[in-house]
Amino acid sequence: MNIWTVANQKGGVGKTTTTVTLGGLLAERGYNVLLIDTDPHASLTYYFGIDSEELELSVYELFVRGKQISREEILQSLCPSGLERLDILPATMALATLDRAMGNKSGMGLILQKAIEKISKDYDYVILDCPPVLGALMVNAIAACQRLLIPVQTEFLALKGLDRMLKTMDLMQTSQVKHYRYTIIPTMYDKRTKASLQTYKQLMELYSDQVWAGVIPEDTKFRDASLAQQPPSVFSPRSRGVFAYNTLLTYLMSEVVSE
Amino acid sequence: MSKSGFASEKVMRSYLDALLIEEDEQQALAQPDEAELRPVARLLEKVNVIEQPARAAPSKELQAKAVEKTKARVVTPVAAPISTSVVAPRMANKIAPPPKAVVEEKEYRKGDFQALFFDVAGLMVAVPLTELGGIHNMGKLNTLIGKPDWFMGVMVHRENKLSIVNTAKWVMPEKYDDTLENNLEYQYIIMLDNSSWGLACEKLVNTVTLSQDDVKWREHSGRRPWLAGLIKERMCALLDVSALIKLFEQGQSSLEDMLSVE
Ligand SMILES: Nc1ncnc2c1ncn2[C@@H]1O[C@H](COP(=O)(O)OP(=O)(O)OP(=O)(O)O)[C@@H](O)[C@H]1O
Ligand SMILES: [Mg+2]
């Protein structure tokens with residue numbers, strides 16, 4: 001099983017869009033995919049038309065039950081995405097209370113990792129979507145992954161957010177004695193704007209090896225797809241944006257093979 | 001790479017270590033030679049790690065107050081019961097019953113607890129981690145008219161509006177003058193519990209594990225109900241977050257008595 005986490009402490013950079021689009025494309029390529037929503041705002045969950053406040057089970061119960069949760073219970077918490085081979089582990093607002101509950105308990109950052117281990121035979125790919133907040137949820141999601149995907153909006157000030165994100169990752173590596181692979185994904189790239197061009201150039205200069213050399217273009221189809229509650233790969237398979245994510249996926253997967 | 005201060009890095013380290021290192025592992029790390037390799041894990045156990053003493057301790061008269069037990073008052077949402085039947089193999093999601101509310105003693109009165117120390121105009125203040133709603137970087141504030149002078153403004157985080165309190169002005173209005181104001185450099189916002197209230201702070205100092213005995217606990221009925229107690233070692237205020245939220249919501253200053261915190 002491959003586990004990817006999409007994270008950036010900065011909000012609105014395309015984390016959820018990246019999760020949904022890559023998930024849709026992987027399922028289309030024939031893999032069994034699970035998307036996990038760890039954001040109390042549950043935008044990934046809503047993306048698939050799931051009203052998480054109506055659910056009996058969500059990723060929240062998984063945190064509450066902790067280590068005792070069984071494979072069957074985890075599988076029971078899943079929701080169908082409407083797309084074949086693509087399932088969702090939904091989030092609820094209650095997740096927002098976890099930071100306080102977990103703040104002083106040791107090892108609470110590893111709950112998600114342990115839960116995912118229990119379903120390691122059930123999926124080929126697990127992609128986790130994070131809230132844009134440094135807290136126990138993001139720490140859990142990052143701790144669980146083998147590879148971190150960091151969407152960075154190509155605009156001014158984006159680098160500052162990225163710097164913070166990498167700092168957090170660095171500190172986590174020390175705590176966990178683990179080395180993360182990470183890939184920076186330039187998003188919402190608009191070649192007509194100076195901000196996009198300059199930020200992309202700076203990203204390349206500062207983090208060259210870690211930056212995917214392509215870009216995800218600014219594409220209104222993403223917003224339309226989310227309004228239609230369909231993965232972009234279904235809603236507009238031939239759009240520029242989906243094409244770019246497909247290229248990214250091929251890159252990420254070729255790296256999986258060579259690992 | 002980052003210019004973030006050493007102190008705040010330490011806070012982050014102990015926070016992450018607490019989350020990512022399991023209890024047994026942490027104990028193992030406390031062995032002398034192991035600890036050499038992982039000095040960070042030890043930070044959690046030490047109470048005396050703060051190198052920078054508070055310049056102004058909160059009012060002395062508080063020390064004289066008797067220590068009494070806090071009453072049970074925190075209402076915490078509890079998870080809806082989880083069905084344990086494994087009849088349906090997958091996706092058994094149904095409509096959930098509404099969560100039950102249970103009256104509980106404050107989490108940090110039950111034993112050892114962690115507190116985050118932060119610094120405002122030389123005053124060190126601590127907040128129990130269980131009552132910490134999060135830490136944000138200070139961003140753009142929109143000021144509102146008709147608000148108390150200690151209300152700095154509203155910061156929008158995603159679609160939420162956070163109400164930011166000028167902590168120095170609220171806690172020590174008597175000392176708040178132009179010189180103090182000009183020297184203030186608010187960098188972070190300490191969010192209170194699940195509320196939309198946040199305290200502006202200058203520096204994050206550290207996260208420390210405290211025992212019940214490390215704190216001189218306060219009875220709430222008197223003045224300054226927002227003080228849960230004093231941390232003896234460094235005479236630093238431990239905030240009573242729920243009382244603080246209530247005061248803010250009532251638009252009260254720190255000096256006014258509050259009729260009822262309940
Ligand atoms: N490449 C793109 N071009 C145009 N719009 C995009 C692109 N990627 C994402 N968007 C839109 O930008 C908005 C924010 O994207 P998204 O929700 O994926 O970000 P996020 O990082 O998950 O946000 P949050 O931090 O709030 O969780 C959405 O409306 C989405 O449809
Ligand atoms: Mg999102």
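See above for the structure.
Sequence order sets the numbering: in each chain, residues are counted from 1 along the sequence as written. Chains carry letters from A onward and ligands carry numbers from 1 onward, assigned in written order. Only residues with pLDDT of at least 70 get local features here, since the model is predicted, and only at 80 or more are side-chain atom pairs given and counted; chain-wide, interface and lining totals rely on the full set of residues. In computing side-chain properties, one takes all heavy atoms of the structure into account and sets aside hydrogens as well as water.

A closer look at the environment of Val133 of chain A
The test is simple: Each helix corresponds to a stretch of at least 4 residues labelled H or I by DSSP, and each strand to a stretch of at least 2 residues labelled E; elements are numbered beginning at the N terminus.
Position of Val133 of chain A relative to the elements: it lies in the loop between strand E5 (125-129) and helix H7 (136-144). Distance in space between the C-alpha atoms of Val133 of chain A and Asn8 of chain A is 8.1 Å, their sequence separation being 125 residues.

Here we look at the site of ligand 1
Rules: When we say a residue is near a molecule or strand, we mean one of its heavy atoms is within 4 Å of it. For this analysis, a polar contact is any N or O atom pair within 3.5 Å, provided that within protein one partner can donate a hydrogen and the other can accept it, and provided that sequence-adjacent residues contribute only side-chain to side-chain pairs. Here the open area of atoms and residues is found with the Shrake-Rupley method and a 1.4 Å probe, where only the protein chains shown may cover a residue. In the scheme used here, Gly and all other residues not listed as nonpolar or charged are polar, with Ala, Val, Leu, Ile, Met, Phe, Trp, Tyr, Cys and Pro taken as nonpolar and Asp, Glu, Lys and Arg as charged.
In the vicinity of ligand 1 there are 17 residues, among which Lys15, Thr16, Thr17 and Asp219 of chain A together with Arg158 of chain B approach most closely. In this structure, ligand 1 sits where chains A and B come together, each supplying nearby residues. Gly14 of chain A places a main-chain nitrogen or oxygen 3.0 Å from an oxygen atom of ligand 1. Thr16 of chain A is positioned such that a nitrogen or oxygen atom in its side chain is 2.8 Å from an oxygen atom of ligand 1. A total of 630 Å² of accessible area belongs to ligand 1 in isolation, and the protein chains cover 85% of it. For the shell around ligand 1, a count of residues per class yields six nonpolar, five polar and six charged.

Considerations on the nonpolar core
Put simply, the test is: Residues belong to a common nonpolar core when they are buried Ala, Val, Leu, Ile, Met, Phe, Trp, Tyr or Cys residues joined through side-chain atoms within 4.5 Å. Categorising residues by exposure relies on relative accessible area from a 1.4 Å probe, with only protein chains included: less than 20% of the type maximum marks a residue as buried, more than 50% marks it as exposed, and the intermediate range marks it as partly exposed. Every residue pair with non-hydrogen atoms within 4.5 Å of one another is taken to be in contact.
Grouped together as the largest cluster of nonpolar side chains are 60 residues, with contacts concentrated most on Phe63, Leu112, Leu148 and Leu162 of chain A. Excluding residues that lie within four positions of it along the chain, Leu148 of chain A makes contacts with Thr5, Ala7, Ile142, Met165, Met169, Arg181, Tyr182 and Thr183 of chain A. Within the second largest apolar cluster, 43 residues are counted, among which are Leu123, Val125, Ala168 and Trp226 of chain B.

Here's the deal with the packing of helix H6 (residues 111-118) of chain A against H7 of chain A
All names here are of chain A. Keep this limit in mind: Fitted lines through C-alpha atoms give the axes, limited to the stretch in contact for helices. The angle between two N-to-C directions lies from 0 to 180 degrees. Roughly parallel means an angle under 35 degrees; roughly antiparallel, over 145; roughly perpendicular, 65 to 115; everything else is oblique. Should the near helix be turned counterclockwise from the far one by less than a right angle, the crossing is left-handed, whereas a clockwise turn marks it as right-handed.
H7 packs onto H6 with a crossing angle of 45° between their chain directions and a minimal axis gap of 7 Å. Classified by the angle between their axes, H6 and H7 sit oblique to one another. The handedness of the crossing between H6 and H7 comes out as right-handed. Between H6 and H7, the residues in contact are Ile111, Leu112, Gln113 and Ile116 and Asn140, Ala141, Ala143 and Ala144, respectively. When its residues are assigned to classes, the contact of H6 with H7 shows six nonpolar, two polar and no charged.

Here we look at the sheet that holds strand E7 (residues 160-165) of chain B
All names here are of chain B. As a reminder of what qualifies: Two strands qualify as a pair provided DSSP detects at least 2 bridges between them.
If you trace the five strands from one edge of the open sheet to the other, you get E5-E8-E9-E7-E6, paired in mixed fashion. Edge positions in the sheet fall to strand E5 (132-137) and strand E6 (151-157), since each of these pairs with one other strand and no more. Pairs of neighbouring strands in the sheet enclose a mean axial angle of 30°, with direction left out of account. Bridge count for E6 against E7 is six bridges, and the pairing is antiparallel. Among the inter-strand pairings, Phe151 is bridged to a residue of E7, identified as Val165. Here helix H8 (residues 241-249) sits on the sheet and contacts E7, strand E8 (188-192) and strand E9 (197-201); the angle it forms with E9, its principal contact strand, is near 100°.

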